[in-house]
Amino acid sequence: MRKNVFLISAAVAATFTFGASAQVKADAAIEYRHSVFEVIGWNFKPMAAMVKGEAPYDKEAFAKRAANVATMAPMALEGFAPGTEKGDKEKTQAKPAIWEKMDDFKGKMSKLAEESTKLAAISKTGTFDEIKKQFGATGAACKACHDDYKQK
Ligand code: HEC
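Residues numbered from 1 in each chain as written. Predicted model: local features only at pLDDT ≥ 70, side-chain atom pairs only at ≥ 80, totals over all residues. Heavy atoms only, no water.

## Description of the overall build of the protein chain
Helix and strand content of the protein chain: six helices and zero strands. Listed by position from the N terminus, the elements making up the protein chain come as α-α-α-α-α-α. Per-residue burial for the protein chain yields a buried fraction of 34% across its 152 residues. Relative to all contacts within the protein chain whose residues are 6 or more apart in sequence, the contacts with residues 24 or more apart total 76%. Within the structure as shown, the protein chain displays about 9,600 Å² of accessible surface, and the carbon and sulfur contribution to it stands at 62%. (Helix = DSSP H or I, 4+ residues; strand = E, 2+ residues; numbered from the N terminus. Buried < 20%, exposed > 50% of the residue type's maximum accessible area, 1.4 Å probe, protein only. Contact = heavy atoms within 4.5 Å. Areas by Shrake-Rupley, 256 points an atom, 1.4 Å probe, with all protein chains shown as cover.)

Pasting the structure below:
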């Protein structure tokens, strides 16, 4: 009996929370997806510098950053749930096209996960030339999505 009362009040609380806060939910989602991409970007830039020869190549550091990107890549999609197109402060750079072409967007997310996983693997075992090539493929996956779905 006590248990039922608890379940009912939990259900009421949950309904209230979701019902009352679609806006809060969108803001949180925007913050979440931005954070995921900030972490990805933070790790991606030093790899780019090594690939371009602007920083000395450090195999271990590169492999660690590649692994970080591969870990984060599959986490971003969750931040683009339906109803999170716009937040309170309109601070998102996500284009509305994402929610109109969600299947294509998801495909581009999968592509990123795939290429970054390959990069993480090859950066441990491959030659620098092989690593550079796979870094290019990963960067192309970023660009393919940004071109269509991110505001400048
Ligand atoms: C499937 C689509 C997609 C892929 C793939 C993708 N991004 Fe993004 N990225 C976005 C979207 C959409 C935003 C804007 C999110 C928002 O503001 O709500 C974003 C935002 C960012 C941001 C923060 C905003 C800025 O311009 O500073 C960075 C940094 C970033 N992405 C880096 C990357 C990197 C690096 C890769 C590849 C390793 C990548 N992204 C791959 C869609 C993508």
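## Looking at the coordination of the iron atom of the ligand
Donor atoms from the protein around the iron atom of the ligand number only one, His146 (NE2), found at 2.1 Å. Inspection of the secondary structure assignment puts His146 in helix α6 (residues 128-149). (Donors = N, O, S within 2.8 Å, 3.2 Å for Na, K, Ca; no water.)

## Things to note about the site of the ligand
In the vicinity of the ligand, 21 residues are found, and the nearest of them are Thr92, Gln93, Cys142, Cys145 and His146. Within the side chain of Thr92, one N or O atom sits 2.5 Å away from an oxygen atom of the ligand. Of all the secondary structure elements, the ones that give two or more residues to the shell around the ligand are α2 (22-51), α5 (102-125) and α6. Of all the elements, α2 adds the most residues to the shell around the ligand, at six residues. Broken down by class, the residue content of the shell around the ligand amounts to 13 nonpolar, four polar and four charged. (Near = heavy atom within 4 Å. Polar contact = N/O pair within 3.5 Å; in protein donor to acceptor, adjacent residues only side chain to side chain. Nonpolar A, V, L, I, M, F, W, Y, C, P; charged D, E, K, R; others polar.)

## Some remarks on the packing of helix α3 (residues 59-72) against α5
The interhelical angle for the contact between α3 and α5, taken along N-to-C directions, is 160°, at an axis separation of 8 Å. The angle between the axes of α3 and α5 places the two elements in the roughly antiparallel class. Note on packing geometry: the crossing formed by α3 with α5 is left-handed. Each of Lys59, Phe62, Ala63, Ala66, Ala67, Val69 and Ala70 in α3 lies in contact with α5, whose residues at this interface are Ser116, Thr117, Leu119, Ala120, Ser123, Lys124 and Thr125. Across the contact of α3 with α5, the residue classes tally to eight nonpolar, four polar and two charged. (Axes fitted to C-alpha atoms, helices over the stretch in contact; angles between N-to-C directions. Parallel < 35°, antiparallel > 145°, perpendicular 65-115°, else oblique. Left-handed = near helix turned anticlockwise from the far one by under 90°.)

## Observations concerning the pattern of salt bridges
By the definition in use, this model includes four salt bridges. The salt bridge partner of Glu115 is Lys111, with a shortest N-O separation of 2.8 Å. Highlighted residues: Glu115 and Lys111, both in helix α5, separated by four residues, approximately one helical turn. When its relative accessible area of 6% is taken as the criterion, Glu115 is described as buried. Note that Asp147 is salt-bridged to Lys143, the shortest N-O span being 2.8 Å. Here Asp147 and its partner Lys143 are both found in helix α6, four residues apart, which amounts to about one turn of the helix. Of the residues examined, Asp147 reaches a relative accessible area of 39% and is grouped as partly exposed. (Salt bridge = Lys/Arg side-chain N within 4 Å of Asp/Glu carboxyl O.)

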